[in-house]
Every structure is written in structure tokens, then in C-alpha cells.
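Coordinate analysis (summary)
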Amino acid sequence: MDPCIQEIFHHMTKERLIKEIITELSADLAVLSTAARSAHAAATHEECLPDNKYDTTALEASYIAQGQANRAQDIRVALESYRTLTLYNFDDETPVRLTALVTLEDGEGNVRRFFLGPQGGGMKISDNTTEIVVITPGSPLGRALLGKRTGDEVRAGEAATAMMFTIVAVD
């Protein structure tokens, strides 16, 4: 494939990936917002008022509501970071940084793809052929990948269970 066409294809793929991430984060936010409202309503409902000093039902419900509200705020921050994200182009000589779509291969020939995003680590997005896992620069694998190039080896995991991967593509 012509390198220019290939670059346009990869850029469009990453744009679609960003749209998928935003869609998934938006869905998570909707569910979490509903749950937070329900937990808040439960915490303030008259039936949750304590009968005695040992009844912590309302307190527990308020903790749940606060946790869900905090998580909803984290998702809002993640959404904003993806909506304003600048996608960068990569080739075999470009060091890995934010917005890199990295393909790793282990010693047995198994291939995995990772997108280095600003937020949302652990999210899994399917691109019709493989699964792409979102990682952040703060994750162990994200830190290991930063600055590496196609052909470099990367160690992922704790010392006893660490695995070696080769970077076979950076898009």
C-alpha cells in the first residue's frame, strides 16, 4: 500500500477509535449518573433515616452516592480529554507517545494492540479484526512504551511474571 494512503488509513482508524472511546465513556457516564441519582435519593429518603445510633443505612448510601459522583466526574474529565485530543502521526522511526496505536508481539507470535490515551486505561475497543486496549502513560506498560520505536523490545509486568514483547508497528 502506498505510504501516504496507509497513513490516511491509520489516521482514520484512530479517529474512529477515538469516537468509539467517546461513545463508550458517554454510555458509562449515563449509567453512572443514573446510579448516583438513585443512590442519592436512597440516602436522603425518609425510610433510610436511622432508627438508632447503630443504623448506618443512610450513611452507607451517601458514601455510595459520593463515590458514584466522583467516578462520574472522572469520566467527564476523560471525555473532555478525548474530545480535545490531537492525534499524532507515527512511522517506524517516531518514538511512542500519546495517541500511538502500538502493535506488540510476544515470543510465541501472539499479537496485541494498545492505544496510548490520556485517560480510560483498561477500556477495550474492537476494531473488527483485533481488540485494542487503551493504556495510559501512567500505567506500567505505558511507561515502558514511551520513547520506544518499531523493532524495540519492551518488558511488561512484574519481575517474576514479566513478559517480553517486540514493537512490530506504531501507527
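Look up a bit, the structure's there.
If you're wondering where the values come from, they're calculated on a predicted model, not measured in any experiment.

With that out of the way, let us pick up the overall build of the protein chain. Counting secondary structure elements, the protein chain contains 3 helices and 6 strands. The secondary structure elements of the protein chain, listed N-terminal to C-terminal, are α-α-β-β-β-β-α-β-β. Taking all 171 residues of the protein chain together, the buried fraction comes to 35%. Contacts in the protein chain between residues far apart in sequence, at least 24 positions, make up 51% of those at least 6 positions apart.

Moving on to the packing of aromatic side chains. Tallied over the full model, the rule gives 0 aromatic pairs. Directly above the ring of Tyr88 sits Arg97, whose terminal nitrogen or CZ lies 3.6 Å from the centroid.

Throughout the structure, instances matching the rule amount to 1 salt bridge. Of the charged contacts in the structure, one is a salt bridge between Asp171 and Arg113, with a shortest N-O distance of 4.0 Å. Here Asp171 is found in the segment after strand S6 (163-170), whereas its partner Arg113 is found in strand S2 (residues 111-116), with 58 residues between them in sequence. Looking at Arg113, the relative accessible area reads 13%, which means it is buried.

A few words now on the sheet that holds strand S3 (residues 124-126). Spatially, S3-S4-S2-S1-S6-S5 is the arrangement adopted by the 6 strands of the open sheet, whose pairing is mixed. One side of each edge strand has no neighbouring strand; the edge strands of this open sheet are S3 and strand S5 (153-156). Going across the sheet, the axis of each strand differs from the next one's by a mean of 40 degrees, ignoring polarity. Taken together, the 3 bridges between S3 and strand S4 (residues 131-135) define a ladder with antiparallel strand orientation.

This paragraph deals with the nonpolar core. Counting 20 residues, the largest nonpolar core has Leu17, Ile18, Ile21, Leu25, Tyr82 and Phe115 as its most contacted members. Put simply, the parts of the chain that give this core at least two residues each are helix H1 (3-44), helix H2 (57-83) and S4. Counting residues per element, this core draws most heavily on H1, at 7 residues. Judged by nonpolar contacts, the second largest core, of 16 residues, contains Ala100, Ile135, Leu141 and Val170.

What follows covers the environment of Val111. One can find Val111 in strand S2. With 56 residues separating them along the chain, Val111 and Ile167 place their C-alpha atoms 9.7 Å apart. In this view, Val111 contacts Thr103, Leu104 and Glu105; residues no more than four positions away in its chain are not counted.

Mapping Asp106 onto the fold places it in strand S1 (residues 101-106). Here Asp106 occupies a buried position and makes no salt bridge, while the nearest side chain of opposite charge, Arg112, is found at 7.8 Å. There is a polar contact of 3.1 Å between the side chain of Asp106 and the backbone nitrogen of Gly109. Here Asn110 takes part through its backbone nitrogen, which lies 2.9 Å from a polar atom of the side chain of Asp106. Those residues within four positions of Asp106 in sequence are excluded, and the remaining contacts are Met163, Met164 and Phe165.

Reading guide: rules and limits
- Counting starts from 1 at the beginning of each chain's written sequence and moves along it residue by residue.
- Under the rules for a predicted model, residues below a pLDDT of 70 receive no local features and side-chain atom pairs below 80 are neither given nor counted, while totals for whole chains, interfaces and linings still include all residues.
- Excluded from the side-chain calculation are hydrogens and water; included are all heavy atoms of the structure.
- By the criteria applied, helices consist of DSSP H or I runs no shorter than four residues and strands consist of E runs no shorter than two, each listed in order from the N terminus.
- Classification of residues uses two cut-offs on accessible area relative to the type maximum, computed with a 1.4 Å probe and protein chains only: under 20% is buried, over 50% is exposed, and between them is partly exposed.
- In this description, contact between two residues means that some pair of their heavy atoms is separated by no more than 4.5 Å.
- In this analysis, rings of Phe, Tyr and Trp, with Trp reduced to its six-membered ring, are considered paired at centre separations within 6.5 Å, and the interplanar angle assigns stacked below 30 degrees, edge-to-face beyond 60, and tilted for intermediate values.
- The rule is short: NZ of Lys or CZ of Arg within 6 Å of the ring centre and within 35 degrees of the ring normal puts a charge over the ring.
- When a carboxyl oxygen of Asp or Glu is within 4 Å of a side-chain nitrogen of Lys or Arg, the pair counts as a salt bridge.
- Strands were regarded as paired on the criterion that DSSP finds at least two bridges between them.
- Inter-axis angles, ranging from 0 to 180 degrees, are taken between N-to-C directions of lines fitted to C-alpha atoms, where helices are fitted over the stretch in contact.
- Only buried Ala, Val, Leu, Ile, Met, Phe, Trp, Tyr and Cys residues count toward a nonpolar core, and they belong to the same one when joined by side-chain atoms within 4.5 Å.
- Charge counting follows a simple rule: Lys and Arg are positive, Asp and Glu are negative, and His as well as the terminal groups are ignored.
- By the criterion applied in these results, polar contacts are pairs of N or O atoms within 3.5 Å in which, for protein atoms, one can donate a hydrogen and the other can accept it, and in which residues neighboring in sequence qualify only through two side-chain atoms.

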